[in-house]
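Examination of the molecular architecture
One letter stands for each residue in the lines below.
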Amino acid sequence: MSLAQLHYTSGTAGDGGPGGRFTAVDPAIPGPVRAEAAPLLSYEVPAGTPGRLTDTELRALPVAFSFTALSDGSHLLSRTVAAGTGGFHAHAVLLPAGTPPPGRTLPVAAWGAAGWLSTTPDRALPDPLTSLSASHGLAPGLSRGLSREGLGDFAVSRSPWLAAVLSDLRRVSEDRSAPPVVLVERQSADVARWIALATAVLPREHAEQLTFTTYTRHPGATSHQVLGVLPQDAPDPRDPRFRVHAATGPRPAGTVDDAWAGTAARIWRSRAPELFRDAAELPGEPFAAGPLAVTALGAGIALGSNERAAAADWAADRPYALDEKRTQQLTEALTAPADDRTAAECAAALRLLTALDGRCPAAVTAPLAALLVTEAVRGGDVTLEPPARSAFSEPAGERAAAGLVEELGDEMLAELAAGVPRGVARTVQLLRIVRLLGVDCEELLPGVVHRLARALLDDLETGGCRTLLDLLDEQFDVRTALLGELDRLAPDDPAGTERLLLRVALPFTGTQALPHLRMCAEAPGAKARGTDRVRVLHTVLRAAGMSPFAEPLVLRTAVGLVWGEDTPTAGEARSLLGETTSDAHRTAGTWARLVDAALGAPFDDEDAPELAHDLLRGFPQEMGARVRASLLLLDFGRDVRSGATEPGWTERARSLRALAEPVEPLVLEHAYGALARRLLAPDRPEAELYAFVHSNDEDLIAAYGRVAHRDEILTRLRDEPAYVADCFTVWTAHPHAGDAWTRTRTALLDEVLRPAVRALSPEGVTEVERAVERGGSSRTLDAFRTWNRPSRSIGRLGKRIVGRVRRG
C-alpha cells in the first residue's frame, strides 16, 4: 500500500497562503489536513544566511526532518530543505490515524531514504516509507547515515550527554505534558542520530509515537516532543519550558539517577544495540531498568551500582525468567570486583539470593552469599543481613564458607573483642555472621553481651535495630546472656530499661526469672491505670515475682520506675519504710531517696518530722554528719511540738543548724517554725522565750515573725482576748534584746496585733484590757490603752508605751 504524499514549496500565492503553496497533493488528503500541514512544512533559514548560495552551500543548510501528530490522529512525516533564492521545498507523507508505517519501520529510519525529493515530480512516485520497507524488509532498516556502526560512533562521541538525554526522552514519552527535549547540534543529521539512538531504546509503542523535528528556528512555537536547534537558537537551559542538552557546549556536571537511561547509555557506548531487542523479550513494565541491566550484564557490559541493583531486583522478582546459564552469568557479574557497590545493591543481591536459594545449585548461589558476607563485614552498611545458612550447603557452599572463615574470621573476632564502635546494629551483624560461619567466639561472648546491653540502654534510637530480635531468635545462648545482663543493669537504670522495652519487644517470657525486666515491662501499664504511686509500686513489685526481703534490688528498680527523677513525698516515704525493713532499703540503696523526701518536704508536711525520726533510727551509720544534723533538726521540731524536748531549745536549734550547714531552707523552716509555734503558745516556758528573744538570731526571730503572720495565729487573736493580751505583753517586752527582736516585734505590733484589735467590738476590746491587767499590772493596762488610742504620731506613742512597760 502506498501512502498519500504532498509537496509544498515556498511562494507568494496558492493553497498554502503567502508563505508557500502546494505543488502536488494526493487527492486523498482532505482540505483541513492540508491547512494544518501548511505551517508545519514552512522553513526558515538560519540567521545570517546570505541571500545567494551555491548548490554546495544550499545542501549544507539544516534539514527539517519531522514526525508530527495532527489533530485528527494522523501523523505527518516530512522533509523540508532549502531551495534556491531563499526558498524551500517540503516533501511529506501522511500516515492515517491508527495506521503504522509500512513494515513497522520507525519514522526516523526514513531520514536518509532515497525516496525524498527536493523538487516537485512531474508524475506520481512511490512514497519514501514504502520504498524503504520494501528494500529493507521488516528489520529496522536504518538508511544512509544511520547505520549501526555510525550510531555506535555517535553514541561514544556523545557519552557525557547520553544518559541525561535518554532519561528526558523517557520522561517525555511517558508524559506528554513533560517539557520537550531540545537537542542543540550544529548539524541536523546529528539530531536525527540522537532520535535514532532514542527510538532504538524506547519500547516499541513509544518509539513509534515519538514526535520530533531535526531543525526549527522557534522551539517555543512547535508541539514536537524532541526539537533540534542550532546553537544560536538554543533556549536558556534554565527555562522550565524545555529540557535543553547542548552537545556543542561544555560537558554536563553530575550524574543521572535513572537506572534505565544509565543502562541504555552503557549499551550504546558498548556498540551493542541488538541487546535492546533481547531485553524487550524479557518480562517487565515499559522503561523497567531490570531487563536492560540483566541483558547487559549477561553480555559482559560493566554497569554501575544502581544498574546492577536494578538487575538483581528484577531477577529476584522473577527467578523463573532466566535459565541456569543466564542466572549464573548474572550472579558472576554481580559478584565481580567493584569499588562502587552500594547498600541498595547489596540489599537487592540479598533478595536475589533468597529467591534463588533452593532453585539453583550452590555453585550459582554460594559466590553471591560470599559476596554479601564480605560486604557485611567490610562494608559500611550495618543493616545488611547475612544470607541464610542454606546458601552454604553442598560442597561448593562449604568451600565458600571455609574460605570466608579463613579470610574474615580473625578480623571479626578482633572487632568484637575490642568493642564495636558502630553500636548495636554492628554488634548484632557480626554475631550473626560469626554464628553463620561457625566461628568460635564463646570466650568473647560475656564481654560482647555486656557492651551490647549497655549500648541498648545508652542509645535507644539505634539500639532498637530491627535485626536484634532476629539475633535473639536465632541464638538462644546470646538471648539468655543478654536478657540476664539487662536484668542486672536494670536497677541502676530502670527508666532507661522501661523505655527500651517500650521500643523493643524483648522475648523474656521463658524460664528465666528476670524480675527487673518484668517490672520494667509492667510499669507503663501500672502508671497509666492509677495515680497513687504507692499502689503502683505494689503492682510493679508483684510483677517481679519475688519479695524485696529476698531480693532487695527489686525495691531499687521499683522506686526508680515509679518516681523516676522525682522525690517521694514524706508520706510516701513513710509508707515505703514502714512496709519494708530498713535492711532492704539499705541494701537497695533507696534509703537515700527517703532522706531526700524528708529534707525536701514542705513546711506544712506533718509527715516529714516523723519520717526524720524513723530515718535516724533506721540508718544511723549510713548518713554523713551534715545530713544527720539536718534530720535531727526535723526531729527537734517533732520533739518541740510534742513537748518532749529538753530545756535549752534555742541553743539546741542553733547548734544543730551549725552542724547541718549548708542546711536546706525547708528543713530550717520546719525546725524554726516548730520552735516559733511553741514560743507563741501561752504555756511556753518563760526561760525559753527569754533565751530566744536575747539570741539575736536573725533567721530564728524571722521564723517567729512568719509564724505569727499565719492564719492560725490570726484566728486565735480574733477569738481569744487572753491571747491578744499575752501577745501584747510579749511583743512590748525586752526592748534591749537586740535589733532583730526590735524589728520583728515592732512589725508584729503594727501588722498583726493592731489590725486584730481594731477588728474587735468594744466588748472584745474590754475583754482584752481585763486580760492585760490580769496578766500584768495597771501600768501594762495604761500602756495597752495608750498603744490602742488613735494618734497622729505612732512613733512617739510607741516610745511612750515602751517607757511605761519598762518602768512597770
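Observations regarding the overall build of the protein chain
- The helix and strand tally for the protein chain stands at 39 helices and nine strands.
- Whereas a compact globule of 808 residues would reach a radius of gyration of roughly 28 Å, the protein chain reaches 49 Å, over 25% beyond that.
- A principal-axis box enclosing the C-alpha atoms of the protein chain has dimensions of 150 × 80 × 40 Å.
- Within the protein chain, the fraction of its 808 residues that count as buried is 50%.
- Sequence separation of at least 24 residues holds for 68% of the intrachain contacts in the protein chain that already meet a minimum separation of 6.
- Accessible area of the protein chain: about 36700 Å², with a carbon and sulfur share of 51%.
- The positive charge centre, built from 87 side chains, and the negative charge centre, built from 104, are 7 Å apart in the protein chain.

Comments concerning the sheet that holds strand 6 (residues 181–184)
- Spatial strand order, 2-1-5-4-3-7-8-6-9: nine strands in an open sheet with mixed pairing. Unpaired on one side and paired on the other, strand 2 (20–25) and strand 9 (243–246) mark the two borders of the sheet.
- Of the pairings in the sheet, the one linking strand 6 to strand 9 comprises four bridges and is parallel in character. Pairing of valine 182 across the sheet is with valine 244, part of strand 9.
- Taken strand by strand, helix 5 (residues 159–174) contacts strand 6, strand 8 (226–229) and strand 9, and its axis lies near 155° from that of strand 9.

Topic: the packing of aromatic side chains
- Within this structure, the stated rule accounts for 17 aromatic pairs.
- Relative to tryptophan 111, the ring of phenylalanine 65 lies with its centre 5.6 Å away and its plane at 80°, an arrangement referred to as edge-to-face. With a gap of 46 residues between them, phenylalanine 65 in strand 3 (residues 64–69) and tryptophan 111 in the loop between strand 5 (88–95) and helix 3 (128–136) connect regions that are remote in the sequence.
- Chaining the aromatic ring pairs together yields one cluster made of Phe65, Phe67, Trp111, Trp116 and Phe212.
- Geometry around tyrosine 723 places arginine 716 over its ring, the cationic atom sitting 4.5 Å from the centre.

Some details on the pairing of strand 5
- Taken across its eight residues, strand 5 has eight buried, putting it largely inside the fold.
- A two-sided burial pattern is seen for strand 5, the buried positions comprising Phe88, Ala90, Ala92 and Leu94 on one face and His89, His91, Val93 and Leu95 on the other.
- When strand 1 (residues 4–10) meets strand 5, the two strands line up antiparallel, connected through six bridges. Looking across to strand 5, one finds that glutamine 5 is bridged to valine 93.
- Across eight bridges, strand 4 (residues 75–82) lies against strand 5 in antiparallel orientation. In the sheet register, serine 78 faces strand 5, and the bridge partner there is alanine 92.

Things to note about the side chain of glutamate 307
- By the secondary structure assignment, glutamate 307 is in helix 11 (residues 305–317).
- Although glutamate 307 lies buried, it forms no salt bridge, and the closest oppositely charged side chain, arginine 266, sits 4.4 Å away as judged by the N-O distance.
- Discounting chain neighbours no more than four positions away, the residues touching glutamate 307 are Asp258, Ala259, Gly262, Thr263, Arg266 and Ala293.

Thoughts on the packing of helix 6 (residues 188–201) against helix 8 (residues 259–269)
- Two numbers describe how helix 6 lies on helix 8: the axes approach to 11 Å, and their chain directions differ by 115°. Where helix 6 crosses over helix 8, the handedness of that crossing is right-handed. Contact residues: helix 6 offers Ala196, Leu197, Ala200 and Val201, while helix 8 offers Trp260, Ala264 and Trp268.
- Here the residues of the contact of helix 6 with helix 8 are counted per class, giving seven nonpolar, no polar and no charged.

So, the pattern of salt bridges
- The tally for this structure, following the rule as stated, stands at 56 salt bridges.
- Where arginine 170 meets glutamate 174, a salt bridge forms, and the shortest distance between an N and an O atom there is 3.5 Å. Here arginine 170 and its partner glutamate 174 are both found in helix 5, four residues apart, which amounts to about one turn of the helix.
- What makes arginine 170 partly exposed here is its relative accessible area of 21%.
- Between arginine 657 and glutamate 661 there is a salt bridge whose closest N-O contact spans 2.8 Å.
- Take arginine 657: its relative accessible area is 18%, and that puts it in the buried class.

Regarding the side chain of threonine 497
- Relative to the elements of secondary structure, threonine 497 occurs in helix 21 (residues 494–503).
- A polar side-chain atom of threonine 497 sits 2.8 Å from the main-chain carbonyl oxygen of aspartate 493.
- Among all residues touching threonine 497, those that are not within four sequence positions of it are Leu457, Ala490, Leu517 and Cys520.

Some thoughts on the environment of threonine 255
- Its place among the elements puts threonine 255 in the loop between strand 9 and helix 8.
- Threonine 255 gets classed as exposed once you look at its relative accessible area, which sits at 79%.
- Residues threonine 255 and proline 160 lie 95 residues apart in sequence; the distance between their C-alpha atoms is 9.5 Å.

With respect to the pairing of strand 4
- Extensive coverage of strand 4 is indicated by the burial of eight of its eight residues.
- Residues His75, Leu77, Arg79 and Val81 of strand 4 are buried on one face, and the alternating residues Leu76, Ser78, Thr80 and Ala82, pointing to the opposite face, are buried as well.
- Relative to strand 4, strand 3 runs antiparallel, the two being bridged by six bridges. Within strand 4, the position partnered with alanine 69 by the bridge is histidine 75.

Thoughts on the state of the cysteines
- In total, this model carries zero disulfides according to the counting rule given.
- Looking at the unpaired cysteine 360, the closest cysteine sulfur is the one in cysteine 346, lying at 20 Å.
- For cysteine 360, a relative accessible area of 16% translates into the label buried.

A look at helix 28 (residues 607–618)
- Between its first and last C-alpha, helix 28 extends 16 Å over twelve residues, near the 16 Å set by a 1.5 Å rise per residue.
- Along helix 28, the positions that sit buried rather than exposed are Ala608, Pro609, Leu611, Ala612, Leu615, Leu616 and Gly618.
- Packed against the buried residues of helix 28 are helix 25 (570–579), helix 26 (582–588), helix 27 (591–599), helix 29 (625–642) and helix 31 (665–680).

A few points about the confidence of the model for the protein chain
- In the predicted model, the protein chain carries a mean pLDDT of 89, and 95% of its residues have values of at least 70.
- This model gives residues 13–18 a pLDDT under 50, and the stretch forms 13 contacts once residues within four places in sequence are excluded.
- Every residue in residues 136–143 is under pLDDT 50, and counting partners more than four places away or in other chains gives 14 contacts.

Thoughts on helix 1 (residues 31–41)
- All buried positions along helix 1 are accounted for by Val33, Ala37, Ala38 and Leu41. On an axial view of helix 1, the arc spanned by its buried residues comes to 140°, and they lie on one face. In helix 1, those exposed residues whose orientation departs by more than 90 degrees from the buried face are Pro32, Ala35 and Pro39.
- Where the residues of helix 1 are buried, they touch strand 1, strand 2, strand 4 and strand 5.

How each quantity is defined
Numbers given for residues are sequential positions, taken from 1 along each chain in its written order. Only residues with pLDDT of at least 70 are given local features in this predicted model, and only at 80 or more are side-chain atom pairs given and counted; all residues enter the totals for whole chains, interfaces and linings. Side-chain descriptors were evaluated using all non-hydrogen atoms of the structure, hydrogens and water having been removed beforehand. Numbering goes from the N terminus for both helices and strands, where a helix is a DSSP run of H or I of at least four residues and a strand is a run of E of at least two. Throughout, radius of gyration means the C-alpha value; the globule benchmark is 2.2 Å times the number of residues raised to the power 0.38. Accessible area is worked out with a 1.4 Å probe on protein chains only. A residue is then buried under 20% of its type maximum, exposed over 50%, and partly exposed in between. The contact criterion used is simple: two residues touch if any of their non-hydrogen atoms lie within 4.5 Å. Note on areas: these come from Shrake-Rupley sampling with a 1.4 Å probe, and a residue is covered only by the protein chains present in the view. Two residue types count as positive, namely Lys and Arg, and two as negative, namely Asp and Glu; His and chain ends fall outside the count. We put the charge of a Lys on NZ, of an Arg on CZ, of an Asp on CG and of a Glu on CD. When DSSP finds two or more bridges between two strands, those strands count as paired. Between N-to-C directions, angles cover 0 to 180 degrees, with each direction set by a line fitted to C-alpha atoms, over the stretch in contact for helices. Only Phe, Tyr and Trp rings take part, Trp by its six-membered ring, and two of them pair if their centres are within 6.5 Å. Stacked means planes under 30 degrees apart, edge-to-face means over 60, and tilted covers everything else. In our convention, an over-ring charge means Lys NZ or Arg CZ found within 6 Å of a ring centre and within 35 degrees of that ring's normal. Each reported salt bridge corresponds to a side-chain nitrogen of Lys or Arg within 4 Å of a carboxyl oxygen of Asp or Glu. For any pair of crossing helices, the crossing counts as left-handed if the nearer helix is rotated counterclockwise from the farther one by less than a right angle, and right-handed if it is rotated clockwise. When residues are grouped by polarity, Ala, Val, Leu, Ile, Met, Phe, Trp, Tyr, Cys and Pro land in nonpolar, Asp, Glu, Lys and Arg in charged, and all others, Gly among them, in polar. Pairs of N or O atoms within 3.5 Å make up the polar contacts considered here, provided that, within protein, one atom can donate a hydrogen while the other can accept it, and that residues adjacent in sequence are counted only when both atoms are side-chain atoms. Cysteine sulfur atoms that pair up within 2.5 Å are treated as a disulfide. Multiplying 1.5 Å by the helix residue count minus one yields the expected span of that helix. On a range of 0 to 100, pLDDT expresses the predictor's confidence in each residue. Here the arc refers to the directions that run from the helix axis out to each C-beta atom.

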